[in-house]
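Take a look at the letters that make up each chain.
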Amino acid sequence: MKEKIYLSSDHAGCKLKNNVKKYLEDKGYEIVDLGTNNETESVSYAEFGKKLAESVLNTPNSYGIGFCGTGLGISYSVNRYKGIRGARVTSVEDAELAKKHNNANILLLGGRQMSKFKTKRIINKFFSTEYEGGRHQNRIDELDK
Ligand code: RB5
């Protein structure tokens, strides 16, 4: 079964979020859109990051993808939560290693910086990569101590 994926963005990430939503729904993923759905009304990445982190933490085996202008602000927001490993990625290699070594459960992307084409490649790499476990697990456990 495909993973459940929560999507969340501020106004600056809204357009890319909506594009990703359609792309992932067409691929058969179960998507929950936490908003925002207005590109012109300014909202806070802190609030939408909080919603995203809490949703992922409350749903076993789920993932999140968060968007703001750069992906930075919303990454700060989600990474305040124990159990969240939010990776702000800008390359396909980042996406691969974020899963393989860090077992990231949220991806953060810059809606004002990332092309649709690169975003799709990043997302495909992330969801087709397995977490390696082994030596990486102790380090991950340390994060939440
Ligand atoms: C909003 O204008 C912008 O500052 C925000 O989306 C984000 O890029 C912050 O990190």
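Quick notes on the rules
- Residues numbered from 1 in each chain as written.
- Predicted model: local features only at pLDDT ≥ 70, side-chain atom pairs only at ≥ 80, totals over all residues.
- Heavy atoms only, no water.
- Near = heavy atom within 4 Å.
- Polar contact = N/O pair within 3.5 Å; in protein donor to acceptor, adjacent residues only side chain to side chain.
- Nonpolar A, V, L, I, M, F, W, Y, C, P; charged D, E, K, R; others polar.
- Helix = DSSP H or I, 4+ residues; strand = E, 2+ residues; numbered from the N terminus.
- Buried < 20%, exposed > 50% of the residue type's maximum accessible area, 1.4 Å probe, protein only.
- Pairing = 2+ DSSP bridges.
- Phe/Tyr/Trp six-rings, centres within 6.5 Å; stacked < 30°, edge-to-face > 60°.

Trainee: Honestly, the site of the ligand in this entry has me stumped. Any pointers?
Mentor: Near the ligand the following residues occur: Asp10, His11, Ala12, Tyr45, Cys68, Gly69, Thr70, Gly73 and Arg112. Aspartate 10 has a polar side-chain atom sitting 2.6 Å from an oxygen atom of the ligand. Glycine 69 is positioned such that a nitrogen or oxygen atom in its backbone is 2.7 Å from an oxygen atom of the ligand. Grouping the constituent residues of the shell around the ligand by class yields three nonpolar, four polar and two charged.

Trainee: What is the right way to read unusual backbone geometry from this model?
Mentor: The bulk of non-glycine residues show a negative phi, and the bulk of peptide bonds are trans. In the segment running from glycine 35 into threonine 36, the intervening peptide bond is cis, with an omega of -5 degrees. Among the secondary structure elements, threonine 36 is positioned in the loop between β2 (30-33) and α2 (45-57). For asparagine 61, which is not a glycine, the phi torsion comes out positive at approximately 60 degrees. Structurally, asparagine 61 is set in the loop between α2 and β3 (62-68). Positive phi values are uncommon outside glycine, yet asparagine 103 reaches one of about 45 degrees. Here asparagine 103 falls in the buried class, since its relative accessible area comes to 19%.

Trainee: Even after reading the chapter, I still don't get the pairing of β3, so can you show me in this structure?
Mentor: On a regular strand, one side chain projects to one face of the sheet and the next to the other, so that they alternate. The buried fraction of β3 amounts to seven of the seven residues, a majority that puts the element mostly inside the structure. Along β3, one buried face is formed by Ser62, Gly64, Gly66 and Cys68 and the opposite face, lined by Tyr63, Ile65 and Phe67, is buried too. The sheet contact formed by strand β1 (residues 4-9) and β3 spans six bridges and is parallel. For tyrosine 6, the partnering residue across the bridge sits in β3 and is glycine 64. By the bridge criterion, five bridges tie β3 to strand β5 (residues 106-110) in an arrangement that is parallel. Across the sheet, residue glycine 66 finds its bridge partner in β5, namely leucine 108.

Trainee: Explain the packing of aromatic side chains to me, please; I cannot follow it from the model alone.
Mentor: For any pair of aromatic rings, the description consists of the separation of the ring centres together with the inter-plane angle of the planes. With the rule as written, the count across this model stands at four aromatic pairs. Taking 5.4 Å as the distance between ring centres and 85 degrees as the angle between the ring planes, the aromatic pair formed by tyrosine 63 and phenylalanine 127 counts as edge-to-face. Residue tyrosine 63 is found in strand β3, and its partner phenylalanine 127 is found in helix α5 (residues 116-128); the two are separated by 64 residues along the sequence. For the pair tyrosine 63 and phenylalanine 127, a shared accessibility class is recorded, and that class is buried. An aromatic cluster of at least three residues, connected via ring pairs, comprises Tyr29, Tyr63, Phe126 and Phe127.

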